[in-house]
Structures are given as C-alpha cells and as structure tokens.
Amino acid sequence: MLAHIVTKSLRQHALSTLITAGSIALATGLLMAVWAVKDQSMRAFTNVTGGFDAVFGPRGSELNLVLFSVFHMDKAPGTLPWADYEALRKDRRNIKTAVPIVVGDNFKNFRIVGTTTNYFGVEYQRGRRLALQSGGREFAEGAQEAVLGSFVASRLGLRVGDVFQPYHGLEYDPSQKHEADYLVVGILKASNTPADHVIWIPVLGAQNMPGHRAEAATDISAVLLQFNSAAQGPMFADQVNKGTRDKTVAMIAPTVTRFFQRFEWLRVVLGAMAALVALVGAGGILASLYNTLNERRRELAILRALGARRTTVFGAMVLEAATISVLGVLGGFAVYAVCVGAAAHFVRQHTGVVIDPWEASAVFIVAPVGIVIAGAAAGVLPAIKAYQTDVAENLVPHS
Amino acid sequence: MLLLEIRDLRKDYRAPDGTTHTVLDLPEFTLAAQQQMALSGSSGSGKTTLLHCIAGILVPEKGRIRLGECDLTAASEADRDRLRAAHVGYIFQTFNLLQGYTCLENVLMGMAFGRGADPKFAASLLQRVGLGEKLAHRPRQLSVGQQQRVAVARALANRPQLVLADEPTGNLDAANAREALALIREICTENKAALLLVSHDAGVLAAFADRRDLDQLNRAATGHGGAR
C-alpha cells in the first residue's frame with residue numbers, strides 16, 4: 001500500500017525525483033571514488049613491485065629511484081659503476097637476487113631498459129613469472145636484440161623478427177636516433193605490470209649503444225634487489241643509507257605506500273567536499289518534498305478521507321525520501337563505475353598497473369547506507385507536515 | 001435499526017482572528033440502516049461540518065455520534081480512521097479524485113485502507129457506473145460527469161454501511177446531475193448502504209422522500225437566529 005502510494009507520487013513528480021536522485025548519484029559516486037581510489041591504487045601499485053624488495057641506486061630521492069626503476073616513470077638520478085652491481089651480486093649473505101637496470105633510451109616514447117635475463121626469472125607476483133609469447137625467445141647477452149612488453153608490441157604493431165632503431169633520451173625526439181638495429185626476438189605475455197610497457201634489451205647492448213659516452217659504457221642506472229629474508233631489507237637499507245654518502249637503497253613497497261599517504265590530505269578535502277555534496281543532495285530531497293507539499297496537501301487529505309491514517313501519510317513521505325536516495329545511490333554506483341573505470345583505464349594505459357574498481361571496500365557499504373539514512377531523515381520534516389495536514393480544510397480546493 | 005445516532009452535538013469553529021463561533025448545535029439526528037435522506041440548508045448552515053463529524057474527520061466539542069456499534073466521539077483518531085475506511089463512503093462536490101491514479105486505481109484506493117484491494121469488485125463497480133471501458137483512464141481524460149461517476153464507484157468500494165454525499169451534483173449540468181443522483185441512489189440501494197446527501201438544489205431535494213432542513217435542526221444556523 002505504502003509502496004503503491006510512493007511509486008505514484010514519485011512518478012507524478014518525475015522531474016524533481018530525477019534531478020534530486022541525480023544529485024545524490026553524483027555525491028555517492030564521488031564519495032565512493034574519493035575513498036576507494038586511493039586504497040585501491042595504493043594496493044595496485046604496491047602489488048606490482050616486479051617481485052623486488054628494494055632498489056639500489058645513486059644518492060637521491062627514494063621515490064625517484066622507485067618510480068624510474070619499477071614503474072618506468074621519472075628520470076634516473078645518476079649512474080652507478082658496474083662494480084656496485086658485482087658487489088651486490090656477491091653479497092650472498094643478504095641478497096638473493098640482484099638485477100641491473102640501465103635506462104636512457106626510448107623507441108617512440110616507450111622506454112628501452114637494459115637488464116639481464118635474470119629479470120625474467122623473478123616471480124613478479126606469487127607463482128607468476130614473466131613469460132614469452134610462443135615463437136619468441138629471450139635476448140642473448142651482449143646482442144642487439146630486444147624483448148617487448150605486450151602493450152608495446154600491440155601498440156607499435158611490432159612482431160618477432162622486426163627491426164627497430166632506438167632513440168636517445170627518455171622522450172621521443174626524432175633527431176636523436178641511434179644508428180643501431182635491434183632485432184625483436186620475443187614478446188612477453190601480458191602481466192598487468194609496468195613490464196608490459198617496456199622494451200627490454202641486454203644491459204651490455206644498452207651500454208655499448210653507438211652514441212653513448214665511452215667512459216660511461218660500464219655504468220648502470222640502478223640495481224633491483226631481492227633479499228634473502230624480509231627482515232634483512234630494512235637493515236641493509238639502513239646500512240647503505242647511513243653508511244655511504246653516494247648510494248641510496250629504497251624499499252619499494254614502503255616507498256609507494258608513503259607516496260600515497262602524502263595524498264591523505266587530498267582525500268580528506270575531497271571526502272569533505274563529497275560529503276557536502278551528499279548533504280546538498282539530502283537538502284534537495286527536503287526542498288523538493290517540501291515545495292510540492294502544497295499541491296500534495298489535497299491528495300494527502302483525500303487519502304486521509306479514504307481512511308489512511310496519519311502514520312500512513314507520514315510513512316509514505318519518509319519512504320518517498322528514502323526511495324529517492326536509494327535511486328540516487330544506485331545511480332552513484334554507475335557514476336563510480338564510469339569515473340573510476342576511466343581512471344583505471346588511464347592508469348593502465350600509462351603505467352600498465354591494473355586497478356580493480358570493485359575490490360571490496362567498506363566505503364561501498366558505508367557511503368550508500370549513510371546516504372540513504374540521511375535522505376530518509378531529510379523526509380522527516382515534510383513528513384511531519386504531511387502528518388499535520390488538516391483533512392477537512394484541504395478537501396476543498398483552494399483558489 | 002438505527003445506523004447513525006447524534007445527540008447534543010456541538011462543533012465550534014476557530015476563526016483566524018482567534019474568536020470562536022459555534023457552527024453546529026444539533027440536539028438530535030438519526031439515520032436508519034439503508035435509509036436515504038436528503039439534507040438541505042443554506043450556505044453556512046454547517047452541512048459539510050456535520051458530514052465531516054459523521055465521517056470522523058472532525059471531532060465535535062461536545063455530544064455523541066454513534067455509527068453502528070461504535071461511539072465516534074469516544075474513539076481515538078486511529079479508530080475513527082479505521083471506521084471510516086471500513087464503513088463510510090464519501091462523495092465530494094469536487095470529486096477529489098487522485099489525479100495521478102487511473103480510474104481503477106482510484107476505486108482501489110477506496111478499499112485499500114479498509115478491507116483491502118479487490119480489483120474484481122472495483123472493476124465491477126466501474127462497469128456498473130458505465131465506465132467499464134475506462135479503467136485505465138486518468139481523471140483528467142474524463143468528462144466532469146464521468147469523473148463524478150468514478151467518485152461514486154470509489155465511495156462504494158469499501159462496501160460501506162453509510163454513504164455521505166456532499167453536494168454531489170453541484171458541479172454538474174442538469175442532465176448529468178439527474179443521472180448522477182439516480183445512480184447514487186440506485187447503487188446505494190443495490191449495495192445496502194444508507195445515504196445521507198447534502199444539497200441546496202431544490203430539484204435534488206424533491207427526489208427524496210426523507211428530507212431534513214439543517215436550518216431548522218441546527219440551533220447555531222443563521223435561520224435559527226444563532227451566532228451564525
């Protein structure tokens with residue numbers, strides 16, 4: 001009965017229902033996006049460390065080290081002598097795996113990263129290793145050969161057997177071409193990690209590329225590290241960071257987490273804004289119900305004359321407000337899906353990191369429930385007015 | 001058997017300026033089950049107020065209204081609502097149809113708060129008033145005469161013991177008015193409902209054997225030399 005009355009009323013005031021529900025949808029979507037996105041992207045980014053624990057590099061910002069060596073963003077702060085890599089490789093007590101990284105070239109804006117085939121052997125996630133698509137093989141150390149990330153291959157249309165010439169620098173500049181032919185010998189299967197966006201070549205090939213300074217020919221940009229045990233990482237990092245003046249060890253996951261935590265204030269600001277929008281939405285419910293109250297009074301009086309109780313018209317009003325909020329919240333999930341879906345697509349295009357917008361989060365329950373309660377509460381004042389409607393007075397039309 | 005019994009009824013009206021006027025001062029009024037009575041009275045004689053009191057929409061200051069087994073003046077508001085939903089049908093001069101509802105839904109709302117929706121009976125009532133083809137029409141899509149017929153069907157929807165009709169032909173032309181009046185009387189007879197019809201139209205009044213003049217009965221009425 002109540003549901004019937006409410007449905008009728010919502011339909012009769014379809015436009016204001018739609019507008020109010022729309023504003024609530026925006027608020028809900030925004031609120032959920034603001035809260036969920038930071039956590040989900042943080043989780044996604046800490047999950048794609050390539051399987052490494054830390055980066056060893058020249059003295060500089062830890063974030064910068066992690067960004068260029070793991071996410072292939074940002075510039076390398078400087079270089080390391082090859083001997084540093086050798087020393088790390090021999091440090092069996094602490095280090096399980098050490099893989100050198102050389103950056104500095106690109107092909108059509110995709111980074112060319114020099115490394116060793118050991119890189120492909122590391123589990124980038126539990127039980128998962130980078131694997132080649134059929135028909136390919138890993139590059140040979142010292143050869144002018146390349147293995148492409150899946151995204152690069154599909155974007156540039158390169159296949160095994162194709163030849164390309166690298167360009168100097170991290171950004172594509174047609175005048176900076178190296179006169180060296182590289183042969184594509186393999187293409188990686190998609191891993192949904194930054195590795196998909198990189199062209200991998202042997203570290204010696206990168207160093208010896210014609211046009212690079214001869215004295216830098218043995219330098220590397222950084223060394224990716226896996227420790228023997230989790231406890232060794234921070235201790236080793238501490239040792240290097242405090243014990244040397246020209247080297248830095250950045251623990252990858254904590255660095256990423258710290259980076260995202262820097263945006264906590266932004267989340268608070270955006271969250272407060274979204275909460276305000278939600279409040280405006282609830283206010284919209286109040287206003288739209290209140291404004292139509294005058295035209296509704298007659299209808300309410302008729303219902304009362306037909307035997308409806310005061311509590312029935314009160315309940316109908318609150319239920320109507322709650323229903324508008326529920327419609328809004330449902331729309332909010334759509335808004336969220338579009339916003340975060342687009343953001344996730346953007347992030348994936350640029351970094352290869354896959355963010356799952358629907359990863360479980362308390363905000364998916366808290367925000368909708370909170371907003372529906374706020375919306376229903378906004379219906380209480382008009383409902384009180386409806387409750388107080390004088391039947392005898394409102395049964396006759398007022399001119 | 002008496003269906004409605006009113007004793008020493010007084011209803012006051014509080015004017016916006018704060019003064020109180022007595023609108024209704026009725027020593028006695030009765031209606032038997034299935035009786036059909038017309039009630040006349042000049043404007044301001046308290047006709048509508050009396051109907052509202054009988055329907056339990058207004059509460060008198062003093063006196064007793066007994067409807068069937070129930071003492072309305074002693075009942076709580078919720079009980080009066082329940083009683084109205086179950087036993088009283090109301091026909092208004094301005095029809096008071098729900099504009100967002102179809103004819104059928106309007107009639108269904110007439111039973112919703114009482115014995116519950118019975119679409120079959122609702123449809124048969126609309127059939128009876130000649131609107132069997134218009135179940136899905138909305139009030140706006142109907143002529144004035146048709147709208148009043150929907151209102152008549154709605155008033156009978158809860159199988160009431162008493163139908164209250166407040167100037168039911170006041171907004172209709174002569175031909176429609178005659179038809180509506182006949183229909184109301186027939187349908188009340190068929191459904192064994194008593195009818196208390198208020199009108200100041202001599203033609204309507206003449207159709208009733210039982211007639212009362214509220215100007216005479218109401219000691220507060222102008223014709224009686226009361227306060228108003």
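The rules behind each value
Residues numbered from 1 in each chain as written. Chains lettered and ligands numbered in written order. Predicted model: local features only at pLDDT ≥ 70, side-chain atom pairs only at ≥ 80, totals over all residues. Heavy atoms only, no water. Helix = DSSP H or I, 4+ residues; strand = E, 2+ residues; numbered from the N terminus. Rg over C-alpha atoms; globule rule 2.2 N^0.38 Å. Buried < 20%, exposed > 50% of the residue type's maximum accessible area, 1.4 Å probe, protein only. Contact = heavy atoms within 4.5 Å. Areas by Shrake-Rupley, 256 points an atom, 1.4 Å probe, with all protein chains shown as cover. Lys, Arg positive; Asp, Glu negative; His and termini not counted. Charge placed at Lys NZ, Arg CZ, Asp CG, Glu CD. Buried area = accessible area lost by both parts, 1.4 Å probe. Salt bridge = Lys/Arg side-chain N within 4 Å of Asp/Glu carboxyl O. Polar contact = N/O pair within 3.5 Å; in protein donor to acceptor, adjacent residues only side chain to side chain. Domains from an automatic or database assignment. Nonpolar A, V, L, I, M, F, W, Y, C, P; charged D, E, K, R; others polar. Axes fitted to C-alpha atoms, helices over the stretch in contact; angles between N-to-C directions. Parallel < 35°, antiparallel > 145°, perpendicular 65-115°, else oblique. Pairing = 2+ DSSP bridges. Left-handed = near helix turned anticlockwise from the far one by under 90°. Patch = residues over 30% accessible without salt bridge, like charges linked within 9 Å, V, L, I, M, F, W, Y side chains within 5 Å. Core = buried A, V, L, I, M, F, W, Y, C linked by side-chain atoms within 4.5 Å.

Asker: I tried to follow the overall build of chain B on my own but got confused; where do I start?
Answerer: When its secondary structure is counted, chain B shows eight helices and nine strands. Relative to the globule expectation of 17 Å for 228 residues, the C-alpha radius of gyration of chain B, 17 Å, shows essentially globular dimensions. Along the longest, intermediate and shortest principal axes, the C-alpha atoms of chain B span 50 × 40 × 40 Å. Residues classed as buried in chain B amount to 52% of the 228 residues present.

Asker: Looking at this structure, how should I read the overall build of chain A?
Answerer: Scanning chain A from terminus to terminus reveals 15 helices and 12 strands. Its C-alpha radius of gyration of 30 Å places chain A more than 25% over the 21 Å reference for a compact globule of 399 residues. If you line up chain A on its principal axes, its C-alpha atoms span 100 × 45 × 35 Å. Out of the 399 residues in chain A, the part that is buried amounts to 51%. Within chain A, counting contacts between residues at least 6 apart in sequence, those at least 24 apart form 79% of the total. Approximately 18,200 Å² of chain A is accessible, and the part contributed by carbon and sulfur atoms is 60%. Taken together, the 36 basic and 30 acidic charged side chains of chain A have centroids lying 8 Å from each other.

Asker: Which parts of the structure should I look at to understand the interface of chain B and chain A?
Answerer: For an interface, size is often stated in terms of accessible area lost upon the parts coming together. The interface is formed by 24 residues belonging to chain B together with 21 residues belonging to chain A. Between chain B and chain A, roughly 2,100 Å² of surface is buried when both sides are summed, and carbon and sulfur atoms account for 60% of that area. Of all residues in chain B, N96, Y101 and F113 of chain B give up the largest surface area on contact with chain A, accounting jointly for 26% of the area buried on that side. Inspection of the chain B/chain A interface yields four salt bridges. Between K8 of chain A and E105 of chain B there is a salt bridge; the shortest N-O distance is 2.6 Å. One can count nine residue pairs in polar contact (both at pLDDT 80 or more) joining chain B with chain A. When contributions to the side of chain B that touches chain A are tallied by element, the ones reaching two or more residues are α2 (77-87) and α3 (103-112) of chain B.

Asker: Looking at this structure, I do not really get the domain arrangement of chain A. What am I missing?
Answerer: Residue and element names in this part refer to chain A. On domain assignment, one finds that chain A holds domain 1 (2-45 + 264-394) and domain 2 (54-229). Just the C-alpha atoms count here: the centres of domain 1 and domain 2 sit 50 Å apart. Each side of the interface is counted separately: domain 1 has eight residues, and domain 2 has eight residues. Each partner contributes to the roughly 660 Å² buried at the junction of domain 1 and domain 2, and carbon and sulfur atoms together form 54% of this total. Run the count over domain 1 and domain 2 and you get zero salt bridges. Remark: the boundary between domain 1 and domain 2 carries six residue pairs in polar contact (both at pLDDT 80 or more). Sort the elements by how many residues they give to the side of domain 1 that touches domain 2 and helix α12 (residues 310-351) lands first, with four residues. Among the residues forming the side of domain 1 that touches domain 2, the class breakdown is three nonpolar, four polar and one charged.

Asker: Explanation requested: the packing of helix α10 (residues 264-291) of chain A against helix α11 (residues 293-305) of chain A in the structure shown.
Answerer: When two helices pack together, their arrangement is given by the angle between the helix axes and the distance between those axes. Residue and element names in this part refer to chain A. Where α10 contacts α11, the axes come no closer than 5 Å and their chain directions differ by 60°. In terms of orientation, α10 and α11 fall into the oblique class. Across from L289, Y290 and N291 in α10, the residues of α11 making contact are L293, N294 and R296. Of the residues assigned to the contact of α10 with α11, the class counts are three nonpolar, two polar and one charged.

Asker: Just checking my understanding: could you explain the sheet that holds strand β7 (residues 162-166) of chain B for this structure?
Answerer: Backbone-to-backbone hydrogen bonds pair the strands of a sheet. The strands run either parallel or antiparallel. Residue and element names in this part refer to chain B. Ordered by their spatial adjacency, five strands build an open sheet running β6-β7-β8-β3-β9, and the pairing between neighbours is parallel. Of all the strands in the sheet, the pair left with one neighbour each is β6 (88-91) and β9 (210-213). With strand direction ignored, the average angle separating the axes of adjacent strands in the sheet is 20°. For β7 and strand β8 (residues 194-198), the ladder comprises five bridges, and the chain directions are parallel. Bridge pairing links A165 to L197 in β8. Against the sheet, helix α1 (residues 47-55) engages β3 (36-40), β6, β7 and β8, with an angle of about 155° to β7.

Asker: It is not clear to me how the packing of helix α2 (residues 14-46) of chain A against α12 of chain A should be interpreted in this structure. Could you clarify?
Answerer: Residue and element names in this part refer to chain A. For the pair α2 and α12, interaxial distance at closest approach is 6 Å and the crossing angle is 40°. Remark: the crossing between α2 and α12 carries right-handed chirality. Residue composition of the contact of α2 with α12, grouped by class: 17 nonpolar, 10 polar and no charged.

Asker: Teacher, can you tell me more about the sheet that holds strand β2 (residues 20-32) of chain B here?
Answerer: All names here are of chain B. Spatial strand order, β2-β1-β4-β5: four strands in an open sheet with antiparallel pairing. A strand with exactly one partner marks an edge of an open sheet, and here the two such strands are β2 and β5 (70-71). Strand contacts of α1: β1 (2-14), β2 and β4 (62-67), with the helix running at about 120° to β1, the strand carrying the most contacts.

Asker: Please clarify how a nonpolar patch on the surface should be interpreted in this entry.
Answerer: There is a patch of nonpolar side chains on the surface, built from F263, W265, L266, V269, L270 and M273 of chain A and spanning about 540 Å² of accessible area. For L266 of chain A, a relative accessible area of 33% gives the class partly exposed.

Asker: I'm lost on the pattern of salt bridges in this one. Help?
Answerer: Where charged atoms from two side chains of opposite charge come close, those side chains can pair. Under the defined criterion, the tally for this structure stands at 25 salt bridges over all chains. We note a salt bridge from R304 of chain A to D81 of chain B, for which the minimum N-O separation is 3.3 Å. Of this pair, R304 of chain A sits in helix α11 while D81 of chain B sits in helix α2, on two different chains. Considered together, R304 of chain A and D81 of chain B belong to a single accessibility category, that of buried residues. Between R128 of chain B and E190 of chain B there is a salt bridge whose closest N-O contact spans 2.7 Å. Placement of the pair is R128 of chain B in helix α4 (residues 119-128) and E190 of chain B in helix α6 (residues 174-190), with a sequence separation of 62 residues. One connected set of salt bridges, linked through shared partners, spans R304 and R310 of chain A together with E77, D81 and R84 of chain B.

Asker: Can you help me understand the nonpolar core in this one?
Answerer: Here is a general trend for soluble globular proteins: nonpolar side chains tend to be buried in one another's company. Counting residues in each nonpolar core, the largest one holds 80 residues, and the members touching the most others are I6, L50, M109, F113, L162, L164 and L196 of chain B. Among the elements that take part in this core, α12 of chain A stands out by supplying 10 residues, more than any other. Ignoring sequence-local partners within four residues, the contact set of L162 of chain B consists of L3, L31, I54, L67, H87, V88, G89, A194 and L196 of chain B. In this structure, L67, V70, Y124 and F260 of chain A belong to the second largest nonpolar core, which totals 40 residues.

Asker: How should the pairing of strand β11 (residues 222-227) of chain A be read in this particular structure?
Answerer: Along a regular strand, successive side chains alternate from one face of the sheet to the other. Residues and elements named next belong to chain A. The element β11 is largely enclosed, with a buried count of six among its six residues. On β11, burial covers both faces: A222, L224 and Q226 on one face and V223, L225 and F227 on the other are all buried. As paired elements, strand β1 (residues 54-58) and β11 share three bridges and run antiparallel to each other. Paired with F56 across the bridge in β11 is V223. Where strand β2 (residues 95-107) lies against β11, six bridges are found, and the strand directions are antiparallel.

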